[in-house]
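Structural overview
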Amino acid sequence: MTKTANVNGFCPHFNEEVSIPAIFTNCGFVGADIYATPTENLCPHHSECGRSVNPDECPVFNQDFLWNRL
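Below: a short report on this structure. (Residues numbered from 1 in each chain as written. Predicted model: local features only at pLDDT ≥ 70, side-chain atom pairs only at ≥ 80, totals over all residues. Heavy atoms only, no water.)

A few points about the packing of aromatic side chains
By the definition in use, this model includes one aromatic pair. When the ring of F24 is compared with that of F65, the centres are 5.5 Å apart and the planes differ by 75°; the resulting orientation is edge-to-face. Of this pair, F24 sits in strand 2 (residues 16-27) while F65 sits in strand 4 (residues 65-66); the two residues are 41 residues apart in sequence, bridging distant segments of the chain. Like F24, the residue F65 is buried in the burial classification. Positioned above the aromatic ring of W67 is the side chain of K3, whose terminal nitrogen or guanidinium carbon lies 4.5 Å from the ring centre. (Phe/Tyr/Trp six-rings, centres within 6.5 Å; stacked < 30°, edge-to-face > 60°. Helix = DSSP H or I, 4+ residues; strand = E, 2+ residues; numbered from the N terminus. Buried < 20%, exposed > 50% of the residue type's maximum accessible area, 1.4 Å probe, protein only. Lys NZ or Arg CZ within 6 Å of the ring centre and 35° of its normal.)

Okay, structure coming up:
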């Protein structure tokens with residue numbers, strides 16, 4: 001199952017808290033907390049972020065999220 005959600009966090013590119021859209025899939029085991037796996041960063045500034053060697057290492061996008069809290 002996939003879900004598109006806005007996630008919040010500190011963006012080093014803008015040096016402030018931001019909200020970005022992203023696509024997630026769920027993964028987990030029955031009886032355990034189900035975590036969302038980030039699959040696509042939909043931030044409009046994703047390709048121009050020059051704060052890291054790899055823009056896919058976005059700290060806002062690469063957080064641990066519980067599926068039911070997205």
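Digging into the pairing of strand 3 (residues 35-41)
Pairing analysis gives six bridges linking strand 2 to strand 3, with the strands arranged antiparallel. In the sheet register, N26 faces strand 3, and the bridge partner there is A36. Across two bridges, strand 3 lies against strand 4 in antiparallel orientation. Pairing of A36 across the sheet is with F65, part of strand 4. (Pairing = 2+ DSSP bridges.)

Things to note about the pairing of strand 2
Direction of pairing for strand 1 (residues 2-11) relative to strand 2: antiparallel, over a ladder of 10 bridges. In the strand pairing of strand 2, G9 is matched with V18. In sequence, strand 1 turns back onto strand 2 through a hairpin of four residues, with N15 there showing a positive phi of about 60°.

Quick look at the environment of T37
Tracing the backbone through its elements, the reader meets T37 in strand 3. On a C-alpha basis, the gap between T37 and T25 in space is 5.2 Å, while along the polypeptide they are 12 residues apart. If we ignore the near neighbours within four places in the chain, the residues touching T37 are I23, F24, T25 and C27. (Contact = heavy atoms within 4.5 Å.)

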